[in-house]
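Residue-level structural notes
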Amino acid sequence: GETLAETLDSLLALDYPDYEVIYVDDGSTDESLAIARRYEPRIRILAQENRGLGTARNVGAEAATGTIVAYIDSDAYADAEWLRHLVVALDATG
C-alpha cells in the first residue's frame, strides 16, 4: 500500500492513446484495496482472496480487453513512455 498510489498515478499518466488499467487485489491485508478504490472508475478493480501472483496475473489477463497485456507491480513506477516503448518493441519483433 505504501507505493500503490504512486504506481496508479504513473499508469494513468501514460502517453499512449488507448489502454486500460486493471488492478488485481490478491487478498491484500493492508490499505491497498481502499487506495485502489479511490481511482475508480479510471481503473478496473478485481478483488480476490490470496491465490498467488501467477493466478492474479492470469485473472488480470483474462479480464483484459486489449491485444497486449503488460504487467507492473505495485512497488514500481511507470515512466510516461513505458507503454509506448513496450508496444514499439513488440511491433519490431513481431
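Since the model is a prediction, treat every value here as computed from it, not as a measurement.

**Digging into unusual backbone geometry**
Look at the link from Glu40 to Pro41: it is a cis peptide, with omega at 0°. Among the structural elements, Pro41 can be located in the loop between helix 2 (32-37) and strand 2 (44-48).

**Considering the environment of Ser32**
Structurally, Ser32 is set in helix 2. A relative accessible area of 9% places Ser32 in the buried class. On a C-alpha basis, the gap between Ser32 and Gly1 in space is 4.5 Å, while along the polypeptide they are 31 residues apart. A distance of 3.3 Å separates the side chain of Ser32 from the backbone nitrogen of Gly1, its partner in a polar contact.

**What to know about the layout of surface pockets**
Volume-wise, the largest pocket comes out at about 1,000 Å³. Considering the residues around the largest pocket, the lining is formed by 38 residues, among which Ile22, Tyr23, Ala70, Tyr71 and Ile72 are closest to the centre. At the level of secondary structure, the elements contributing two or more residues to the lining of the largest pocket comprise helix 1 (4-12), strand 1 (22-26), helix 3 (53-63) and helix 4 (82-93). Class assignment for the residues of the lining of the largest pocket results in 22 nonpolar, nine polar and seven charged.

**Focus on the nonpolar core**
It is characteristic of soluble globular proteins that their nonpolar side chains tend to be buried jointly. Counting residues in each nonpolar core, the largest one holds 15 residues, and the members touching the most others are Leu4, Leu8, Leu11, Tyr23, Ala36, Ile43 and Ile45. Secondary structure elements with two or more residues in this core: helix 1, helix 2 and helix 4. Apart from residues lying up to four places away in sequence, Leu4 is in contact with Tyr23, Ser32, Ile35, Ala36 and Ser74.

**Thoughts on the pattern of salt bridges**
Counted under the stated rule, the structure contains four salt bridges. Note that Arg84 and Asp15 form a salt bridge whose closest N and O atoms lie 3.6 Å from each other. Here Asp15 lies in the loop between helix 1 and strand 1 and Arg84 lies in helix 4, a separation of 69 residues in the sequence. Looking at Arg84, the relative accessible area reads 31%, which means it is partly exposed. Look at Asp15 and you get partly exposed, because its relative accessible area is 37%. With a closest N to O distance of 2.8 Å, Asp73 and Arg57 form a salt bridge. One end of the pair, Asp73, is in the loop between helix 3 and helix 4; the other, Arg57, is in helix 3, with 16 residues separating them in the sequence. Judged by its relative accessible area of 27%, Arg57 falls in the partly exposed class. The structure contains a network of salt bridges with shared partners spanning Asp15, Glu81 and Arg84.

**Thoughts on the pairing of strand 2**
Where strand 1 and strand 2 come together, five bridges link them in parallel fashion. Its bridge partner lying in strand 2, Asp26 is registered against Gln48.

Rules behind the numbers
- Residues numbered from 1 in each chain as written.
- Predicted model: local features only at pLDDT ≥ 70, side-chain atom pairs only at ≥ 80, totals over all residues.
- Heavy atoms only, no water.
- Helix = DSSP H or I, 4+ residues; strand = E, 2+ residues; numbered from the N terminus.
- Buried < 20%, exposed > 50% of the residue type's maximum accessible area, 1.4 Å probe, protein only.
- Polar contact = N/O pair within 3.5 Å; in protein donor to acceptor, adjacent residues only side chain to side chain.
- 1 Å grid on protein atoms, 1.4 Å probe; cavity = no way out; pocket = protein on both sides within 12 Å on 5 of 7 lines; lining within 4 Å.
- Points joined across faces, edges and corners; volume = space filled by probe spheres on them.
- Nonpolar A, V, L, I, M, F, W, Y, C, P; charged D, E, K, R; others polar.
- Core = buried A, V, L, I, M, F, W, Y, C linked by side-chain atoms within 4.5 Å.
- Contact = heavy atoms within 4.5 Å.
- Salt bridge = Lys/Arg side-chain N within 4 Å of Asp/Glu carboxyl O.
- Pairing = 2+ DSSP bridges.

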